[in-house]
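Secondary and tertiary structure notes
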Amino acid sequence: MKNSIYECIIVPLTKIHNRAGNITVVEGNISLPFKIRRLYYLYDIPAGMDRGGHAHKKLYQLIVAASGAFEVLLDDGKNKKVVRLNRPDYGLLVVPGIWREIFEFSSGAVCLVLASQKYKESDYIRNYQEFIRFRRNFGKIHS
Ligand code: TYD
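We now turn to the structure provided with this report. Everything numeric in this text was worked out from a predicted model, so none of it was measured.

1. Some words on the side chain of Ser4
Note that Ser4 resides in the segment before strand E1 (10–12). A distance of 3.0 Å separates the side chain of Ser4 from the backbone nitrogen of Tyr6, its partner in a polar contact. Apart from residues no more than four positions distant in its own chain, Ser4 is found in contact with Asp76, Val95 and Ile98.

2. Remarks on the sheet that holds strand E5 (residues 51–56)
The strand order E8-E7-E10-E5-E12 describes an open sheet built from five strands, whose pairing is antiparallel. The strands lining the two open edges of the sheet, one partner per strand, are strand E8 (80–85) and strand E12 (124–125). Sheet topology places E5 next to strand E10 (residues 99–103); three bridges connect them, and they run antiparallel. Paired with Arg51 across the two strands is Ile102, which belongs to E10.

3. Section: the site of the ligand
Taken together, Arg38, Tyr40, Leu42, Arg51, Gly52, His54, Tyr119, Tyr124 and Arg126 make up the full set of residues adjacent to the ligand. Within the side chain of Arg126, one N or O atom sits 2.8 Å away from an oxygen atom of the ligand. A total of 530 Å² of accessible area belongs to the ligand in isolation, and the protein chains cover 62% of it.

4. Brief notes about the pattern of salt bridges
Scanning the model with the defined rule gives five salt bridges in all. For Glu71, the salt bridge goes to Arg84, with nearest N and O atoms at 3.5 Å. Taken together, the residues span a long stretch of sequence, with Glu71 in strand E7 (residues 70–75) and Arg84 in strand E8 at a distance of 13 residues. Among the residues examined, Arg84 registers a relative accessible area of 46% and is labelled partly exposed. In this structure, the salt-bridge partner of Lys80 is Asp75, at a minimum N-O distance of 3.9 Å. One network of salt bridges, with partners in common, ties together Lys15, Arg87 and Asp89.

5. Here we look at the environment of Gln117
Tracing the backbone shows Gln117 in the loop between strand E11 (110–115) and E12. The class of Gln117 is partly exposed, set by a relative accessible area of 39%. Placed 39 residues apart in sequence, Gln117 and Lys78 show a C-alpha to C-alpha distance of 26 Å. For Gln117, the residues in contact, after removing those within four places along its chain, are Arg37, Arg38 and Leu59.

About the thresholds
Residues numbered from 1 in each chain as written. Predicted model: local features only at pLDDT ≥ 70, side-chain atom pairs only at ≥ 80, totals over all residues. Heavy atoms only, no water. Helix = DSSP H or I, 4+ residues; strand = E, 2+ residues; numbered from the N terminus. Polar contact = N/O pair within 3.5 Å; in protein donor to acceptor, adjacent residues only side chain to side chain. Contact = heavy atoms within 4.5 Å. Pairing = 2+ DSSP bridges. Near = heavy atom within 4 Å. Areas by Shrake-Rupley, 256 points an atom, 1.4 Å probe, with all protein chains shown as cover. Salt bridge = Lys/Arg side-chain N within 4 Å of Asp/Glu carboxyl O. Buried < 20%, exposed > 50% of the residue type's maximum accessible area, 1.4 Å probe, protein only.

And the structure:
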């Protein structure tokens with residue numbers, strides 16, 4: 001089956017270093033397998049709080065710890081893995097059809113997300129049982 005957690009890979013990003021600090025550039029279709037149509041970021045996350053808790057039907061995302069650190073649980077309905085992000089020059093590619101939860105935010109963490117589509121609530125699956133049903137049909141369509 002396609003779109004498993006194994007397609008959710010860590011993508012090294014360009015890092016241009018000089019003595020006054022670093023700059024990282026992300027370009028859609030070059031660094032990433034999608035065109036960037038939206039950028040958003042999570043910040044001021046109170047200690048112990050979780051984000052995510054949903055899947056997307058079609059959306060591709062790159063998640064970056066622009067500052068601080070956090071963990072991302074990825075679940076394709078069969079396999080799960082937890083990825084820790086703590087460097088602004090690495091991103092986590094999340095392909096469509098993956099349940100994700102983001103937690104263990106460090107103080108001051110900024111979770112930057114580059115996304116392939118504009119915000120659309122109908123692209124979300126917010127119920128885990130519904131996600132499992134979606135994955136069963138997804139398997140039939142994509143295998
Ligand atoms: P959501 O994606 O559920 O947050 P998270 O996964 O980080 O916990 O979004 C939280 C709220 O923000 C929800 O009401 C929808 C809104 N929202 C937008 O209006 N536009 C966006 O681009 C995003 C990502 C969220």
